[in-house]
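# Report on the structure
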Amino acid sequence: MPPRSSQAFWQQRIQRAAQLSSEYEFAREILEFYGHVASFQQTLQANIAASAAEEPLNGTAAGVRDALDLGVLLPHFRGFLSLIERKAPSALSDAARQMATLPADSWIANLEDYWRQGGIDEPPAGTFAQFFSRAFLQPYAEFRGQRAVRVPLQMTVNVCPLCEARPLLGVLRPEGDGGKRFLMCSFCTQEWEFRRIYCAYCGESREESLPVFVAEKFPQIRVEACDTCHRCIRSVDLTKDGHAVPLVDDLAAIPLALWAEEYGYRRIHDNLLGT
Ligand SMILES: [Zn+2]
Ligand SMILES: [Zn+2]
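Residues numbered from 1 in each chain as written. Chains lettered and ligands numbered in written order. Predicted model: local features only at pLDDT ≥ 70, side-chain atom pairs only at ≥ 80, totals over all residues. Heavy atoms only, no water.

On to the nonpolar core, then. Of all hydrophobic cores here, the largest spans 46 residues; its most connected members are I84 and F132. Elements supplying a minimum of two residues to this core: helix 2 (28–51), helix 4 (70–73), helix 5 (77–87), helix 6 (90–100), helix 7 (104–117), helix 8 (129–147) and strand 2 (178–185). In terms of residue count, the dominant contributor to this core is helix 8 (eight residues). With 33 residues, the next largest nonpolar core counts W10, I14, V245 and L256 among its residues. (Core = buried A, V, L, I, M, F, W, Y, C linked by side-chain atoms within 4.5 Å. Buried < 20%, exposed > 50% of the residue type's maximum accessible area, 1.4 Å probe, protein only. Helix = DSSP H or I, 4+ residues; strand = E, 2+ residues; numbered from the N terminus.)

This is the structure we're talking about:
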């Protein structure tokens, strides 16, 4: 489980991005950009925490995705767009500049839309429409997910028990002689326990239909595919590298997307940068 202090958690992501950007030349631009985004998210989450009420939330989609309180968030949105415009790769930077010219009503509509459906609906392919809402609201969704009261799961579920979004990643955490498998939510970033040999999309459980691929460059990441639904999920294996930070290691693993594409497997849910 993540460290208890959220600020330490962000620090860990930012440091991991810096470390991996010196190891993986091909991912440097993306990881440096992510470092700027994560610093912004860290500050935003501290603001959210400072203004939040103390009571724990009801651990259901109604609790986590309860009415989006834009009072704390919206004053930061213009600053966020300006950061993206300055630091992002050019296509995304252009999109930020364009979005900054739109009226606040249109920002609100986008944010509310993502807040209701993010991670549940298939994200629109090939656009940045979702990037802005997703990156901006992630600290808020995470904060609410962390405070949600969890009910023990009676069965294996393939969507987040707190907010009903699809999983972004698998995470293998050391336990006993092996690893215990969790899924990490694409919306609120919380984890839930999941069966080891089981497709996280369609529930296929025959081992011969669930090929696993590991690239030499990323021994800590497994691509777990399914020949029944042709979906795949990346699992970050903390038994192989205890310093890995799943959200960040996944962003670095750009070549794995090419592999999955070549073999016709589509991610269950893409990451923040759409890879
Ligand atoms: Zn969730
Ligand atoms: Zn499947």
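What follows is about the coordination of the zinc ion (ligand 1). Here the zinc ion (ligand 1) is held by the protein donor atoms C160 (SG), C163 (SG), C185 (SG) and C188 (SG), which lie 2.3 Å from it. One way to put it: the four donor atoms around the zinc ion (ligand 1) meet at angles of 94 to 123°, and that makes the site tetrahedral. We note that the donor set of the zinc ion (ligand 1) lies within a single chain, spaced as C-x2-C-x21-C-x2-C. Placement of C163 in the loop between helix 8 and strand 1 (167–175) and of C185 in strand 2 is noted, with a sequence separation of 22 residues between them. The class of C163 is buried, set by a relative accessible area of 0%. (Donors = N, O, S within 2.8 Å, 3.2 Å for Na, K, Ca; no water. Tetrahedral: all angles 85-135°; square planar, octahedral: opposite > 155°, others 65-115°.)

So, about helix 6. The complete set of buried residues in helix 6 reads L92, S93, A95, A96 and M99. Looking straight down helix 6, one finds that the buried residues subtend no more than 160° of arc, so they occupy a single side. With respect to the buried face of helix 6, the exposed residues turned more than 90 degrees away are S90 and Q98. (Arc of directions from axis to C-beta.)

On to the coordination of the zinc ion (ligand 2), then. Binding of the zinc ion (ligand 2) to the protein goes through C199 (SG), C202 (SG), C226 (SG) and C229 (SG), at separations of 2.3 Å. Geometry at the zinc ion (ligand 2) is tetrahedral, judged from the four donor atoms that bind it and their angles of 107 to 112° at the metal. Residue C202 is classed as partly exposed on the basis of its relative accessible area of 36%.

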